[in-house]
Every structure is written in structure tokens, then in C-alpha cells.
Amino acid sequence: MKSAYELAMERLQKTSPSLSLTDEQKKELAELDSKYQAKIAEKELFLNEQIQKAQAEDKVEDIDSLQKQLVSEVRRLHEECEAAKEKLRNEFTRQ
């Protein structure tokens, strides 16, 4: 006799089967992730440098603005990365 958990997992598998990826597909996803991590690091370095300059000059408004920009840019890049990975996964399912 199956447990409620096993039955639920079977139903879930029918409606939305899990995607098993090949090593090549995993590599493509990892490369995409790496590319976006580099973009995020680059943006963080640049904006943190700008924040330090603003702190040295006691420009409080600039500091706040730059910190908000940093958070916004990092969030945007994470979302862009996830969207790109989702698009790639959808291409994998069509193949």
C-alpha cells in the first residue's frame, strides 16, 4: 500500500515530469550561471568602489542611491540569469 506522499509524488510526476539533464546540458547551465556570476561580481566591484568614493567625500545621498542601485542591479541580473536558464531548460525539453 502506498503512502499519501508516494501517491502525491506520482500525480506530480504525471502533471509535471522532472527533467533529467545530460552532462552537456548541465555544463551549458553551469556556464550560463558562471557568466552571470561574473557580471554580478563586476557590477558589485564597480558600485562598491563608487560607494567608497562617496563615503570618503561624505555624500550621504549618493551613498544611498548607489546602494539602492547595487541591490537593484544584482536582483535584475539574478532574475535575468534565472530567465535565461529557464529558456535553456525549455529548449532541452523540446529536443
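Keep in mind that this is a model prediction, so the values were computed, not measured. Throughout this document, residue positions are counted from 1 along each chain, in the order its sequence is written. Local features in this predicted model are restricted to residues of pLDDT 70 or higher, and side-chain atom pairs are both shown and tallied only at a pLDDT of 80 or more, whereas totals for entire chains, interfaces and linings draw on every residue. The side-chain values count all of the structure's non-hydrogen atoms but skip hydrogen atoms and water molecules.

Visitor: Residue-level account of the overall build of the protein chain, with values.
Guide: When helices and strands are counted, the protein chain shows three helices and zero strands. Listing each helix as α and each strand as β along the protein chain from the N terminus yields α-α-α. Counting only C-alpha atoms, the protein chain reaches 70 × 30 × 15 Å along its principal axes. Here, residues are in contact when the closest pair of their heavy atoms is within 4.5 Å. Of all intrachain contacts in the protein chain linking residues separated by at least 6 positions in sequence, the fraction that spans at least 24 positions is 69%. Strands here are runs of E lasting at least two residues and helices are runs of H or I lasting at least four, both read from the DSSP assignment and numbered beginning at the N terminus.

Visitor: Run through the pattern of salt bridges, naming residues and quoting values.
Guide: Any carboxyl oxygen of Asp or Glu that lies within 4 Å of a side-chain nitrogen of Lys or Arg is treated as forming a salt bridge with it. Applying the stated criterion across every chain yields a total of eight salt bridges. Here Lys85 and Asp33 are joined by a salt bridge, their closest N and O atoms 3.6 Å apart. You can see Lys85 sitting in helix α3 (residues 60-94) and its partner Asp33 sitting in helix α2 (residues 23-56), a full 52 residues away along the chain. Across the salt bridge formed by Arg89 and Glu86, the nearest N and O atoms sit 3.4 Å from each other. Here Arg89 and its partner Glu86 are both found in helix α3, three residues apart, which amounts to about one turn of the helix. Judged by its relative accessible area of 40%, Glu86 falls in the partly exposed class. One continuous salt-bridge network, built from bridges that share partners, spans Lys43, Glu73, Arg76 and Glu80. Each residue is placed in one exposure class: buried if its accessible area under a 1.4 Å probe, protein chains only, is under 20% of its type's maximum, exposed if it is over 50%, and partly exposed if it falls in between.

Visitor: Tell me about the nonpolar core, and name the residues and values.
Guide: Think of a nonpolar core as a cluster: buried Ala, Val, Leu, Ile, Met, Phe, Trp, Tyr and Cys residues, connected wherever their side-chain atoms sit within 4.5 Å. If you look at the biggest cluster of nonpolar residues, it comprises 15 residues, and the most contacted ones within it are Tyr36, Ile51, Leu66, Leu70 and Leu88. Per-element tally for this core: the top contributor is α3, with eight residues. Excluding residues within four positions of it along the chain, Ile51 makes contact with Ile63, Leu66, Gln67 and Leu70.

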